[in-house]
Amino acid sequence: MAAASDEGMSPHPATGHLPGTALAMVGIDKHFGEVLANASVDFSARWGEVHALLGENGAGKSTLMSILAGLYRPDNGQLLVDGQPVVLHSPKDAIKHGIGMVYQHYRLVPSQTVTENMLLGLPGAPLRLDTRRAARDIEELSERYQLRVDPYRPVWQLSVGEQQRVEILKALHRGARILILDEPTAVLTPQEADALMRTIRHIASEGRTVIFISHKLEEVRSVADRVTVLRAGRLVGSGLDMAEMSARDLARLMVGTDLPGRIRPRPRASGAPRLTLRRLCALDDRGLQALRSVDLTIHAGEIVGVAGVAGNGQRELAQVLTGMRKPASGQVFLDDIDVTGAGARQMALAGVAHIPEDRLGEGLVGNLPLLDSALMKSYYQPPISSGPFLNLKSAVQFTRGLIARFNVAGATPRTIARLLSGGQLQRFLLAREMSMQPRAIVAVHPTRGLDVAATHTVQEWLMSCSGEGCALLLISEDLDELLQLSDRVAVLYEGSIVAAVDREEADRERIGLMMIGSYQPDQVAV
Amino acid sequence: MIVSLERRANLTLTRRIGIQAGSVIAGALFGGLIVWLSGYDPVKAYGEIIGGSFGSGYALGQMLAASIPLATIALGTAVAFRVRVWNIGGEGQFYMGAFGATGIELVGGPAGWPSQVLIPAMVAAGFAAGAAWAALPGALRAYLGVNEIITTLMMNYIAILWVNYLVYGPWKDPQGHNFPFSPRFPDNATLRPLGLGQLHAGIVIPIVAAIVFLLLLSRTQWGYELRILGENPSAAAYAGISIRRNVMLAMLVSGGMAGIAGMVQVSGIVHVLSGQISTNYGYTAIIVAWLGQLHPMAILVVSMLFGALVNGGFAVSQAGIPQALGVLLQGVILLFALGAGDLFSRYRLVLGQAPGKKRAPLLPDDRSALSAQP
């Protein structure tokens, strides 16, 4: 383990290896099926530094680091640790080379104690576990890094923050010299996050390398020495000195500056307020505040886009508006009717269509015939229902109509849903929601994972709906899509709407800044 | 050469039935081997078992009579299992159903109510008592998230002890020589025997219930909700299907069916209420429902197989083979049917090279990686 040294930073003549370079990834390519997650990405980090890896969702950060942690094999490219080429077949290999990763979703056994979790999978574990010694080790480590945990507590009793500490301790205990943290602050309280930052600095001061994946600009700036930025799987900024980067520079790198292509002709004849949110608050699944006093009005015929990095309240916003989550406080109006706290069925009947994030896991039933998915919003209404019974003939007819309407080739009502392609499924789902003749639509990532043609179809359809006077709330991670379709773009950051700006005034850079919490009203006037 | 298991993509109904039947046969062969190693003739043993259930009209009747309570309880259990409510309190609900039916019988029997009135009243009381017994754990699960596996199981003991209290105390037959039985049911309170062993008119109940269940699943709104909810609870929530309501309903129906089974047993076979009206029917029915893949018609077939196994156990012992071996055979066949049948329904054996080093993405958050634009 070498401490960082600035002396003699010239490349080794044979390997091109800079002294002090902990690791280098060269020309990494990685595909998942058709999708390119990393395209000839280079990455290098030095001993003793905190290196941030920045990028939007889906930029390929987690994939790149999972390659480094031995979880994936790259399609192309090379890995060097301490100047030596290495091939990692498994996370075990990575640990052997001193690389440890703390994933976003922890890998702990809830029923076992902290100590038992630490011992799990250690090489050469004897039949009898020396838990007492291990517990002492843990206490020592946690003292040293200020990562307080009780070694004898079972993991299920620990808070999320404590579980994270266990994961970090586990990596250190296994001798990690290169520690990768994937979005470590996403689940932490501000106080816990501050403490984590101090620990990270401490770990780095011992000469270890900490790679910090994040899309929160402020914390990246506060803790990292250098930053590498990825966009859409490609390298856009490599090993930049943090001290020389302004928030604006980083935001521009992250979201790009290219103008969106085709822009929807603006109707601008938007009508009366259709969907109104007043001081809406909601909790997430863990009971933490997910929406903080959201005020938003969507008019008939208007498309309001919601931008933001995933996990800033988008999911909860969509759920509250579609009746799948009860708001904690505040009000929701559809036209002039108070629909606060209405359930999913009532919201659907009131005319709110819902294109959910997970089309196969939520919006449709993958293992059943299309017929069953078709009826999800209509099985309780005539002509599909007759009394307590289902009218199978009209159900089949209805399903055929949906299939024909969006031209899902080759499908019949008996086709098992999951056998269709993503684009076909989304068209089918759209056709079903359209059949309700909705007054408002909540669409969550409606084009995610679709190919170009299907994306086009879906966008066309959404625009035609708004042309017919439907109010549309479009939640998307694709900034281009938002800028192309929306009349206004609202940015959600940590559960609040930072701003809702007209499309003419919405530029990528400004939205990028808002998305990462670096937006100062005086910086850019609204 | 490497033998490995590979996940099956899809399974046709015929193949699934084939796998289950094959598993039962393999279990029977293995059981036969054990019988042979113990020094007995496996052919004779199986001959006795088959003869004991199919060899005569009497045997057939005994077999069918034994399958009635199993099929009735299992049909109800399947409704609950379909919405992933693990009601394993069939045994207690069975006893409560017998208690409810006997309560009506004690009033209407000696009073000479016509059986056309008394029997339906007893069926209704059996259903109500069983459903009520299931309603408590159902409500705890639906509203407070209390694990129904524990509560339904524990309530079995309460139900059995309650019936024991009654037959040792207030409901004991004064003319019963102090045996812990209720007074014998008069003719107007008993289901008519059909002349084949102990087989009685109660056989129509599981048959009708299976047909109703089948129609319910395919033709009604509630059946649709059960289907969506059982397949994908998130999709059900999305469609506005109330999970609470369905959990409650499923519990009531499954408890009620077990209650009817209890009524049928006391009215059709035992003709008294006692603490020994069930030989673990409520538990065996769980296996029946599972082996029948929660399909009503398959449940009818499987419950007959179980009826045959129960009867076969007796027949074996009469042929000079220790009864323990009969019990062992049941166990082995079950183990194969449940274990191997389930395994091979989901996986298949692949001979040859291990499948390529294709690894499924492991990170839950890979979806974000997948959505990266090339």
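Residues numbered from 1 in each chain as written. Chains lettered and ligands numbered in written order. Predicted model: local features only at pLDDT ≥ 70, side-chain atom pairs only at ≥ 80, totals over all residues. Heavy atoms only, no water.

S.K.: So what about the pattern of salt bridges? Which residues, and what values?
M.R.: Side chains that differ in sign of charge can pair as their charged atoms come close. Under the definition given, this model contains 20 salt bridges over all chains. Measuring nitrogen to oxygen at the nearest pair gives 3.1 Å for the salt bridge that ties Glu206 of chain A to Arg144 of chain A. Here Glu206 of chain A, found in the loop between helix 6 (190-205) and strand 8 (209-214), pairs with Arg144 of chain A, found in helix 4 (residues 131-145); they are 62 residues apart in sequence, far enough to count as distant. A relative accessible area of 25% places Glu206 of chain A in the partly exposed class. Using a relative accessible area of 44% as the deciding quantity, one classes Arg144 of chain A as partly exposed. The salt bridge partner of Arg141 of chain B is Glu148 of chain B, with a shortest N-O separation of 3.0 Å. (Salt bridge = Lys/Arg side-chain N within 4 Å of Asp/Glu carboxyl O. Helix = DSSP H or I, 4+ residues; strand = E, 2+ residues; numbered from the N terminus. Buried < 20%, exposed > 50% of the residue type's maximum accessible area, 1.4 Å probe, protein only.)

S.K.: Which residues make up the packing of helix 2 (residues 42-54) of chain B against helix 12 (residues 296-318) of chain B, and what values do they have?
M.R.: To describe two helices that pack against each other, one gives the angle between their axes and the distance between the axes. Residue and element names in this part refer to chain B. Axis separation between helix 2 and helix 12 bottoms out at 8 Å; the angle between their running directions is 120 degrees. Taken as axis vectors, helix 2 and helix 12 run oblique relative to one another. As helix 2 runs across helix 12, the sense of the crossing is right-handed. Contacts from Ala45, Glu48, Ile49, Gly52, Ser53 and Phe54 in helix 2 reach Ala308, Asn311, Gly312, Ala315 and Val316 in helix 12. Here the contact of helix 2 with helix 12 is built from residues that sort into 6 nonpolar, 4 polar and 1 charged. (Axes fitted to C-alpha atoms, helices over the stretch in contact; angles between N-to-C directions. Parallel < 35°, antiparallel > 145°, perpendicular 65-115°, else oblique. Left-handed = near helix turned anticlockwise from the far one by under 90°. Contact = heavy atoms within 4.5 Å. Nonpolar A, V, L, I, M, F, W, Y, C, P; charged D, E, K, R; others polar.)

S.K.: I'd love a proper account of unusual backbone geometry, names of residues and values included.
M.R.: Cis geometry marks the peptide bond from Pro382 of chain A to Pro383 of chain A; its omega dihedral reads 5 degrees. Even without a glycine there, the phi angle at Gln437 of chain A is positive, about 50 degrees. By the secondary structure assignment, Gln437 of chain A is in the loop between helix 14 (422-435) and strand 19 (440-444). Overall, Gln437 of chain A belongs to the exposed group, its relative accessible area being 67%. Phi at Arg84 of chain B takes a positive value of approximately 60 degrees, unusual for a residue other than glycine. If you trace the backbone, Arg84 of chain B turns up in the loop between helix 3 (57-82) and helix 4 (90-108).

S.K.: Break down the sheet that holds strand 14 (residues 329-334) of chain A for me, with residues and values.
M.R.: All names here are of chain A. The antiparallel open sheet is built from 4 strands, whose spatial order is 12-11-14-15. Each of the sheet's edge strands pairs with one partner strand only, and the pair in question is strand 12 (289-299) and strand 15 (337-338). Inspection of the sheet shows strand 11 (residues 273-283) paired to strand 14 by 5 bridges, in the antiparallel sense. If you follow Arg278 over to strand 14, its bridge partner there is Gln331. (Pairing = 2+ DSSP bridges.)

S.K.: Pulling in residues and values, what's your account of the pairing of strand 13 (residues 303-307) of chain A?
M.R.: Residues and elements named next belong to chain A. A large share of strand 13 lies buried, amounting to 5 of its 5 residues. Residue alternation in strand 13 divides its side chains into two sets, Ile303, Gly305 and Ala307 and Val304 and Val306, and both sets are buried. Bridge analysis of strand 13 against strand 20 (residues 471-475) gives 4 bridges, and the strand direction is parallel. Residue Val304 lies in a different strand from strand 20, and its bridge partner there is Leu473. Here strand 13 pairs with strand 21 (residues 488-493) via 4 bridges, running parallel. Along strand 21, the bridge assignment pairs Ala307 with Val491.

S.K.: Residues and numbers for helix 1 (residues 61-68) of chain A, please.
M.R.: All names here are of chain A. Counting buried positions along helix 1 yields 8 of 8 residues, so the element is predominantly enclosed. Among the residues making up helix 1, those that are buried are Lys61, Ser62, Thr63, Leu64, Met65, Ser66, Ile67 and Leu68. Backbone geometry just downstream of helix 1 places Gly70 in the positive-phi region, at approximately 85 degrees.

S.K.: So what's going on with a nonpolar patch on the surface? Residues and values would help.
M.R.: Residues and elements named next belong to chain B. Judged by side-chain polarity, Trp86, Ile149, Ile150, Met154, Tyr157, Leu161 and Trp290 come together as a nonpolar surface patch covering roughly 710 Å² of accessible area. Of all the elements, helix 6 (residues 148-168) adds the most residues to the nonpolar patch, at 5 residues. Tracing the backbone shows Tyr157 in helix 6. Taking the relative accessible area as the measure of exposure, Tyr157 reaches 47% and is therefore partly exposed. (Patch = residues over 30% accessible without salt bridge, like charges linked within 9 Å, V, L, I, M, F, W, Y side chains within 5 Å. Areas by Shrake-Rupley, 256 points an atom, 1.4 Å probe, with all protein chains shown as cover.)

S.K.: Requested: an account of empty space enclosed by the protein, with residues and values cited.
M.R.: If you walk through the whole model with that rule in mind, you get 1 cavity of 30 Å³ or more. The volume enclosed by the largest cavity comes to roughly 50 Å³. Surrounding the largest cavity, Thr322, Met324, Ala344, Met347, Ala348, Val352, His354 and Lys377 of chain A together with Tyr238 of chain B form its lining. Mapped onto the lining of the largest cavity, the elements with two or more residues apiece are helix 10 (344-350) and strand 16 (352-355) of chain A. If one sorts the elements of the lining of the largest cavity by residue count, helix 10 of chain A sits on top with 3 residues. When the residues that make up the lining of the largest cavity are grouped by side-chain class, the tally is 6 nonpolar, 2 polar and 1 charged. (1 Å grid on protein atoms, 1.4 Å probe; cavity = no way out; pocket = protein on both sides within 12 Å on 5 of 7 lines; lining within 4 Å. Points joined across faces, edges and corners; volume = space filled by probe spheres on them.)

S.K.: Quick one: what's the story with the sheet that holds strand 9 (residues 226-231) of chain A, residue by residue and with numbers?
M.R.: Residue and element names in this part refer to chain A. Pairing is mixed in the open sheet, where 6 strands are placed in the order 6-7-8-3-9-10. Looking at the sheet topology across the chains shown, the edges are occupied by strand 6 (99-102) and strand 10 (234-241). Along the sheet, successive strands turn relative to each other by an average axial angle of 15 degrees, direction set aside. Summarising the sheet, strand 3 (residues 50-54) and strand 9 pair through 4 bridges and their orientation is parallel. Each bridged residue has a counterpart across the sheet, and for His51 the counterpart in strand 9 is Arg226. Sheet strands in contact with helix 1 are strand 3, strand 6, strand 7 (178-182), strand 8 and strand 9, and its direction is about 150 degrees off that of strand 8. Against the sheet, helix 8 (residues 247-255) contacts strand 3, strand 9 and strand 10, and its axis sits at roughly 30 degrees relative to strand 9.

S.K.: How would you summarise the nonpolar core if you had to cite specific residues and measurements?
M.R.: Core analysis: the biggest nonpolar cluster contains 185 residues, and Ile168, Ile441, Trp461 and Ile511 of chain A have the highest contact counts within it. A per-element tally of this core places helix 3 of chain B first, with 12 residues. The residues that make up this core include at least three from each of domain 1 (30-107 + 176-255) and domain 2 (273-351 + 438-515) of chain A. With residues up to four places along the chain from it excluded, the contact list for Ile511 of chain A reads Ala307, Leu479, Leu483, Val489, Val491 and Ala506 of chain A. Counting residues in each nonpolar core, the second largest holds 32 residues, with Ile28, Val81, Ile99 and Ile211 of chain A among its members. (Core = buried A, V, L, I, M, F, W, Y, C linked by side-chain atoms within 4.5 Å. Domains from an automatic or database assignment.)

S.K.: So what about the environment of His89 of chain A? Which residues, and what values?
M.R.: All names here are of chain A. Along the chain, His89 falls in the loop between strand 5 (84-86) and helix 2 (91-96). Between the C-alpha atoms of His89 and Ala69, which are 20 residues apart in sequence, the distance is 9.6 Å. For His89, the side chain forms a polar contact with the side chain of Arg73, separated by 3.3 Å. (Polar contact = N/O pair within 3.5 Å; in protein donor to acceptor, adjacent residues only side chain to side chain.)

S.K.: So what's going on with the packing of aromatic side chains? Which residues, and what values?
M.R.: The tally for this structure, following the rule as stated, stands at 12 aromatic pairs over all chains. A centroid spacing of 5.2 Å and a plane angle of 85 degrees characterise the contact between Tyr379 of chain A and Tyr380 of chain A, whose relative ring orientation is edge-to-face. Among the residues examined, Tyr379 of chain A registers a relative accessible area of 0% and is labelled buried. Using a relative accessible area of 16% as the deciding quantity, one classes Tyr380 of chain A as buried. Centroid distance Phe179 of chain B to Phe181 of chain B: 6.1 Å. Interplanar angle 20 degrees. Geometry classified as stacked. The class of Phe181 of chain B is partly exposed, set by a relative accessible area of 32%. Taking NZ or CZ as reference, Arg107 of chain A lies 4.0 Å from the ring centre of Tyr103 of chain A, over its face. (Phe/Tyr/Trp six-rings, centres within 6.5 Å; stacked < 30°, edge-to-face > 60°. Lys NZ or Arg CZ within 6 Å of the ring centre and 35° of its normal.)

S.K.: Tell me about the state of the cysteines, and name the residues and values.
M.R.: By definition, a disulfide links the sulfur atoms of two cysteines through a covalent bond. Tallied over the full model, the rule gives 0 disulfides over all chains. Lacking any disulfide linkage, Cys470 of chain A is separated from the closest cysteine sulfur, that of Cys465 of chain A, by 5.3 Å. (Disulfide = S-S within 2.5 Å.)

S.K.: Please provide a residue-by-residue account of the pairing of strand 1 (residues 21-32) of chain A, values included.
M.R.: Side chains on a regular strand alternate between the two faces of the sheet. Residues and elements named next belong to chain A. Within strand 1, 9 of the 12 residues are buried, leaving the element largely enclosed by the surrounding structure. Direction of pairing for strand 1 relative to strand 4 (residues 76-81): antiparallel, over a ladder of 5 bridges. Within strand 4, the position partnered with Leu23 by the bridge is Val81.

S.K.: Hey, could you go over helix 9 (residues 314-321) of chain A for me, with residue numbers and the actual values?
M.R.: Residues and elements named next belong to chain A. The element helix 9 is extensively covered by neighbouring structure, given that 7 of its 8 residues are classed as buried. Taken as a whole, helix 9 has its buried residues at Gln314, Glu316, Leu317, Ala318, Gln319, Val320 and Leu321. Backbone geometry just downstream of helix 9 places Gly323 in the positive-phi region, at approximately 80 degrees.

Structural measurements only, silent on function.
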